[in-house]
Amino acid sequence: MTVLKHKDFDKEFLLHINTEPPTRLTNNFFDELTAIDETLIEYYKNLTFDKSVSFVLSCDNEIIGYAKLVDNHNYFLLSEIFILKDFRELGLGSFILNSIRNYLQDLKIPLRTVTLPSDRQAKNFYEANGITARILLMEEKREKNRTRP
């Protein structure tokens, strides 16, 4: 297991690679997204992937965030990235994303990610970190407004 360190705000943050995130955090992630589009998130939760790599972020022995990469043929897909609300806006998501980039650069595998089109929070995060939309998945329009609460 690889551990990366990040110091900021007089705290040390540890990123554990290949450690499964706790169910409590993955449930928080899916709960937030279910508020945007319950049907799509249920579909996603039932997908299976042959190979995945998890990154788990902790501070003071408390797990505060995670990210999950899945093997998607010639790419790794960043399928989940989540930071507890009390630790957002501190640059920790960018720390995880840049750690993932370094991890994949060593493997010479490109990165892709997915997000819901109405998830402005995720879209703004990715764009601020140099990731832009290259393809849009289109579907029938739904009546429910799809935004994160």
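Residues numbered from 1 in each chain as written. Predicted model: local features only at pLDDT ≥ 70, side-chain atom pairs only at ≥ 80, totals over all residues. Heavy atoms only, no water.

Caption draft 1: Local environment of the overall build of the chain. Scanning the chain from N- to C-terminus turns up four helices and six strands. Listed by position from the N terminus, the elements making up the chain come as β-β-α-α-β-β-β-α-β-α. Per-residue burial over the chain gives 38% buried out of 149 residues. Of the accessible surface of the chain, which amounts to about 9800 Å², a share of 49% is contributed by carbon and sulfur atoms. (Helix = DSSP H or I, 4+ residues; strand = E, 2+ residues; numbered from the N terminus. Buried < 20%, exposed > 50% of the residue type's maximum accessible area, 1.4 Å probe, protein only. Areas by Shrake-Rupley, 256 points an atom, 1.4 Å probe, with all protein chains shown as cover.)

Caption draft 2: Looking closely at the layout of surface pockets. Reported here for the second largest pocket is a volume of approximately 190 Å³. Lining the second largest pocket are 13 residues, and of these Glu20, Thr26, Phe30, Lys68 and Glu80 lie nearest its centre. Put simply, the parts of the chain that give the lining of the second largest pocket at least two residues each are helix H1 (23-34), helix H2 (38-45), strand E3 (52-59) and strand E4 (62-72). Its residues placed into classes, the lining of the second largest pocket shows six nonpolar, three polar and four charged. (1 Å grid on protein atoms, 1.4 Å probe; cavity = no way out; pocket = protein on both sides within 12 Å on 5 of 7 lines; lining within 4 Å. Points joined across faces, edges and corners; volume = space filled by probe spheres on them. Nonpolar A, V, L, I, M, F, W, Y, C, P; charged D, E, K, R; others polar.)

Caption draft 3: Expanded view of the pattern of salt bridges. Within this structure, the stated rule accounts for three salt bridges. A salt bridge links Lys7 to Glu12; its shortest N-O distance comes to 3.9 Å. (Salt bridge = Lys/Arg side-chain N within 4 Å of Asp/Glu carboxyl O.)

Caption draft 4: How the structure looks around unusual backbone geometry. Phi is positive for Asp60, which is not a glycine, with a value near 50°. Within the element layout of this structure, Asp60 appears in the loop between E3 and E4. Phi is positive for Glu89, close to 65°, though the residue is something other than glycine. Assignment of secondary structure puts Glu89 in the loop between strand E5 (75-83) and helix H3 (92-107). For Glu89, a relative accessible area of 79% translates into the label exposed.

Caption draft 5: Structural context of H3. When the terminal C-alpha atoms of H3 are compared, their 23 Å separation across 16 residues agrees well with the 22 Å that a helix rising 1.5 Å per residue should span. Positive backbone phi, approximately 60°, marks Lys108, located one or two places after H3. (Expected span 1.5 Å × (residues − 1).)

Caption draft 6: Region of interest: the pairing of E3. Counted residue by residue, E3 has seven buried out of eight residues, so it is predominantly covered. As consecutive antiparallel partners, E3 and E4 are separated by two residues, and within that stretch Asp60 has a phi angle of approximately 50°, a positive value. (Pairing = 2+ DSSP bridges.)

Caption draft 7: Structural detail: the nonpolar core. Counting 35 residues, the largest nonpolar core has Phe55, Leu57, Ile64, Leu69, Leu78, Ile96 and Ile100 as its most contacted members. If you list the elements that add at least two residues to this core, you get strand E2 (11-17), H1, E3, E4, E5, H3 and helix H4 (120-128). (Core = buried A, V, L, I, M, F, W, Y, C linked by side-chain atoms within 4.5 Å.)

Caption draft 8: How the structure looks around the environment of Leu92. With respect to the element layout, Leu92 can be found in helix H3. Residues Leu92 and Asp8 lie 84 residues apart in sequence; the distance between their C-alpha atoms is 9.5 Å. Once you skip the residues sitting within four places of it in the chain, Leu92 turns out to touch His6, Phe13, Leu57, Ile64, Ile83 and Phe87. (Contact = heavy atoms within 4.5 Å.)

Caption draft 9: View of the environment of Leu57. The residue Leu57 is located in strand E3 in this model. By relative accessible area, which is 0% here, Leu57 ends up buried. Separated by 51 residues in sequence, Leu57 and His6 have C-alpha atoms that sit 10.0 Å apart. If we ignore the near neighbours within four places in the chain, the residues touching Leu57 are Phe13, Leu14, Leu15, Glu62, Ile63, Ile64, Gly65, Ile83, Leu92, Phe95 and Ile96.

Caption draft 10: A look at the packing of aromatic side chains. Evaluation of the coordinates by the stated rule reveals six aromatic pairs. Taking 5.2 Å as the distance between ring centres and 70° as the angle between the ring planes, the aromatic pair formed by Phe29 and Phe30 counts as edge-to-face. Each member of the pair Phe29 and Phe30 is classed as buried. In textbook terms, an aromatic cluster arises when at least three aromatic residues are bridged by ring pairs, as seen for Phe29, Phe30, Tyr66 and Phe82. The ring centre of Tyr75 lies 3.5 Å from the NZ or CZ of Arg112, which sits over that ring. (Phe/Tyr/Trp six-rings, centres within 6.5 Å; stacked < 30°, edge-to-face > 60°. Lys NZ or Arg CZ within 6 Å of the ring centre and 35° of its normal.)

Functional significance is not addressed by these values, which are geometric in nature.
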